[in-house]
Amino acid sequence: MITYLICKCHVYESRLLPRRSILELASVSKLEDFIEALSATAYGDRLLEAKNIWDVETALTETFINRLSILPKISPENVREFLIQYYRRFEILNLIRIMRMKLIHEHAESIERVIIPSERLGGMDLDPFIRAKDFNEFINLLAGTRYKIISKMDTENPLVLESTFRWIYYQELFNKIPRIPIGDRPDVMEMLGIELDLHNIRVCMLPMLYDYDRKLAEDLLIDNPAGKSKKPLMELRSVEKLLEEFPRYRSFIEALIRREGWRAEIEYFRILKNEVDRRRISKYISFFYVLKYILDCEAEYRNLRSIAISIHHNLPADVRRGLLILPKA
């Protein structure tokens, strides 16, 4: 059954847009041209009635969620458990967005526009959180969920709360590692180890950039069985030391130094994609390839959404290309 899942992912991967097509799309001048260029692709049917940027975003999101939602359905039960937990990254992303928008008193209608339907990937119903009247109600609603620890925290600091959401996610994800084939675990652990290194770097920079309590930052770090452990991380007391210790993550760290969270997110995905692509050939028949396909789907979704929004806001083509997450040429 696991072989069937892997083979299907290879088939699905062939339907993703090549690098050349993404770059061409980043160069079109109008949203109408963007829609027309995608009309002959897997997005065509859903873009038929698209009239504005919101319609385009909805169509792109629908295609992305459909691609991911099929994988648990064709997976053996043990792998399905891992995938559903792995997909909780999108639930976390949604909850963080909702939390931040509640802090600035955004209306539910505005929040709905930036939320992806993570419940279709095995997540919980987020509508009560979207409809919460304020930040306090949002936090109180977490008491009945796997994120209940956050409901007991006496802080409104979004950086601390975001780190706690991710801490919960990774703790639960590592508990699901035994659900995947034993021969594939080292490669999956290495990939997750990179993710955790990046998460922990972000956390340990809180005292450096925002003068946060070091003990709080240490509590939010996650033991990384496939990367840098907590103790030596907390001994790094400056961004210069971090750059020396993690030269491969320089672009990510420098974005955080500039306090450009949006750029750090792009660099995070670029680092992951480069590492995953490096293993593409040697791991052709492996569960690792399933994770590669999921990452490639998300990269395409982020790229197309970024291009569409950039066109809508009339950003120059060179700026649009600078926001893309692409494999090395």
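Just above sits the structure.
Residue numbering note: each chain is counted from 1, following its sequence as written. It should be noted that, the model being predicted, local features are given only for residues of pLDDT at least 70 and side-chain atom pairs only at 80 or more, the latter also being counted only at that level, while totals for whole chains, interfaces and linings use all residues. Side-chain measures here rest on the full set of heavy atoms in the structure, leaving out hydrogens and waters.

Chemist: Any chance you could explain the overall build of the chain here in plain terms?
Modeler: The helix and strand inventory of the chain stands at 21 helices and zero strands. All radius of gyration figures rest on C-alpha atoms, and the globule criterion is 2.2 Å times the number of residues raised to 0.38. For 329 residues, the compact-globule estimate of 2.2 N^0.38 gives 20 Å, and the chain sits close to it at 20 Å. Along the first, second and third principal axes, the C-alpha set of the chain runs to 55 × 50 × 40 Å. Exposure categories follow from relative accessible area, calculated using a 1.4 Å probe and restricted to protein chains: below 20% of the type maximum is buried, above 50% is exposed, and the middle band is partly exposed. Classification of the 329 residues of the chain by burial places 52% in the buried group. Contacts are residue-level and defined by heavy atoms, with any inter-residue pair within 4.5 Å sufficient. Long-range contacts, defined as pairs at least 24 residues apart, comprise 67% of the intrachain contacts of the chain with a sequence gap of at least 6. The Shrake-Rupley method, run with a 1.4 Å probe, gives the accessible areas here. Residue values count only the displayed protein chains as cover. Total accessible area on the chain stands at roughly 15500 Å², and carbon and sulfur atoms take up 51% of it. Only four residue types enter the tally: Lys and Arg on the positive side, Asp and Glu on the negative side, with His and both chain ends excluded. Note on charges: their place is set at NZ of Lys, CZ of Arg, CG of Asp or CD of Glu. Between the centroid of the 51 positive side chains of the chain and the centroid of its 49 negative side chains there is a distance of 4 Å. In DSSP terms, a helix is any run of H or I states spanning at least four residues, a strand is any run of E spanning at least two, and both are numbered starting from the N terminus.

Chemist: Would you mind showing me how to read the packing of aromatic side chains here?
Modeler: In this description, a pair of aromatic rings is defined by centroid distance and the angle of the planes. Planes of paired rings set the category: under 30 degrees apart is stacked, over 60 is edge-to-face and the rest tilted, where pairs are Phe, Tyr or Trp rings (Trp by its six-membered ring) whose centres lie within 6.5 Å. Applying the stated rule across the entire model yields 12 aromatic pairs. Taken together, the ring pairs in this structure connect F64, Y87, F90 and Y301 into an aromatic cluster. The residue whose ring lies beneath R259 is Y210, and the NZ or CZ to ring-centre distance is 4.6 Å. Working rule: Lys NZ or Arg CZ, within 6 Å of ring centre, within 35 degrees of ring normal, means a charge sits over the ring.

Chemist: What exactly am I supposed to notice about the packing of helix α19 (residues 261–278) against helix α20 (residues 288–312) here?
Modeler: Helix-helix packing is described using two parameters, namely the angle between the two axes and the distance between the axes. The contact between α19 and α20 brings their axes to 10 Å, and the two run at 145 degrees. For the pair α19 and α20, the crossing hand works out as left-handed. In contact with E265, F269, L272, K273, V276 and D277 of α19, α20 contributes F288, K292, L295, D296, E298, A299 and R302. A per-class count over the contact of α19 with α20 returns six nonpolar, no polar and seven charged. Fitting a line to C-alpha atoms yields each axis, with helices limited to the stretch in contact; the angle taken between N-to-C directions then spans 0 to 180 degrees. Definitions for this section: a left-handed crossing has its near helix turned counterclockwise from the far helix by less than a right angle. A right-handed crossing has that turn clockwise. Residue polarity is assigned by list, with Asp, Glu, Lys and Arg as charged and Ala, Val, Leu, Ile, Met, Phe, Trp, Tyr, Cys and Pro as nonpolar; anything else, Gly included, falls into the polar class.

Chemist: Can you walk me through the nonpolar core in this structure?
Modeler: Grouping buried Ala, Val, Leu, Ile, Met, Phe, Trp, Tyr and Cys residues that are joined through side-chain atoms within 4.5 Å yields what is termed a nonpolar core. Residues F34, L71, Y86, F138, F165 and F287 are the most contacted members of the largest nonpolar core, which totals 119 residues. For this core, the element with the highest residue contribution is α20, accounting for 14 residues. Among residues more than four places away in sequence, those in contact with F287 are I2, L5, I6, V79, F82, L83, I180, D184 and V188.

Chemist: Where do I start with unusual backbone geometry in this structure?
Modeler: Excluding glycine, most residues fall at negative phi; most peptide bonds, likewise, are trans. Of note, H105 is a non-glycine position whose phi angle comes to about 65 degrees, a positive value. Considering the arrangement of structural elements, one finds H105 in the loop between α7 (88–103) and α8 (108–112). Positive phi values are uncommon outside glycine, yet D211 reaches one of about 60 degrees. Locating D211 in the fold gives a position in the loop between α14 (206–210) and α15 (214–220).

Chemist: Honestly, the pattern of salt bridges in this entry has me stumped. Any pointers?
Modeler: Any two side chains of opposite charge can pair, on the condition that their charged atoms come close. Salt bridges are defined as contacts in which a side-chain nitrogen from Lys or Arg sits within 4 Å of a carboxyl oxygen from Asp or Glu. Enumeration according to the criterion identifies 30 salt bridges in this entry. Residues E57 and R305 are paired through a salt bridge, measuring 2.6 Å at the closest nitrogen-oxygen approach. Of this pair, E57 sits in helix α5 (residues 53–73) while R305 sits in helix α20, and the two are 248 residues apart along the sequence. Overall, the relative accessible area of 7% leaves E57 in the buried class. Salt-bridge contacts for R302 lead to E265; the nearest nitrogen and oxygen are separated by 3.6 Å. One end of the pair, R302, is in helix α20; the other, E265, is in helix α19, and 37 residues separate them in sequence.

Chemist: Explain α7 to me, please; I cannot follow it from the model alone.
Modeler: Multiply 1.5 Å by the residue count of a helix minus one, and that product is the helix's expected span. Its 16 residues place the ends of α7 22 Å apart at the C-alpha level, agreeing with the 22 Å of an ideal helix rising 1.5 Å per residue. Judged by how many residues are buried, α7 sits mostly within the fold: 13 of 16 residues are covered. In the segment just after α7, H105 is the residue with positive phi, at about 65 degrees.

Chemist: What exactly am I supposed to notice about the side chain of R88 here?
Modeler: Looking at the secondary structure, you find R88 in helix α7. Excluding residues within four positions of it along the chain, R88 makes contact with G122, G123, R146, Y147, Y169 and E172.

Chemist: For this particular structure, what's the right way to read the environment of R302?
Modeler: Looking at R302, the relative accessible area reads 22%, which means it is partly exposed. Between the C-alpha atom of R302 and that of I266, which follows or precedes it by 36 residues, the distance is 9.2 Å. Not counting residues within four places of it along the chain, the set of residues in contact with R302 comprises L93, E265, F269 and I325.

Chemist: Would you mind going over the state of the cysteines with me for this structure?
Modeler: Counting rule for disulfides: a pair of cysteine sulfur atoms within 2.5 Å. Counted under the stated rule, the structure contains zero disulfides. For C9, which is in no disulfide, the shortest distance to another cysteine sulfur is to C297 and amounts to 8.1 Å. C297 sits in the buried class, given a relative accessible area of 1%.

Chemist: Help me out: how do you make sense of the side chain of S163 in this one?
Modeler: For S163, the position within the fold is in helix α12 (residues 158–175). For S163, a relative accessible area of 6% corresponds to the buried category.

Chemist: Looking at this model, I keep getting lost on α12. Mind explaining?
Modeler: Each α-helix turn comprises 3.6 residues. Residues three or four places apart therefore point the same way. Between the first and last C-alpha of α12 there are 26 Å, a value that for 18 residues agrees with the 26 Å anticipated at 1.5 Å per step. Taken together, the buried positions of α12 are occupied by V160, L161, E162, S163, T164, F165, R166, I168, Y169, Y170, L173 and F174. Residues adjacent in sequence count toward polar contacts only when both atoms are side-chain atoms; beyond that, a polar contact is any pair of N or O atoms within 3.5 Å, and within protein one must be able to donate a hydrogen and the other to accept it. Between a side-chain oxygen at the N-terminus of α12 and the backbone nitrogen of L159 the separation is 3.0 Å; the capping residue is N157.

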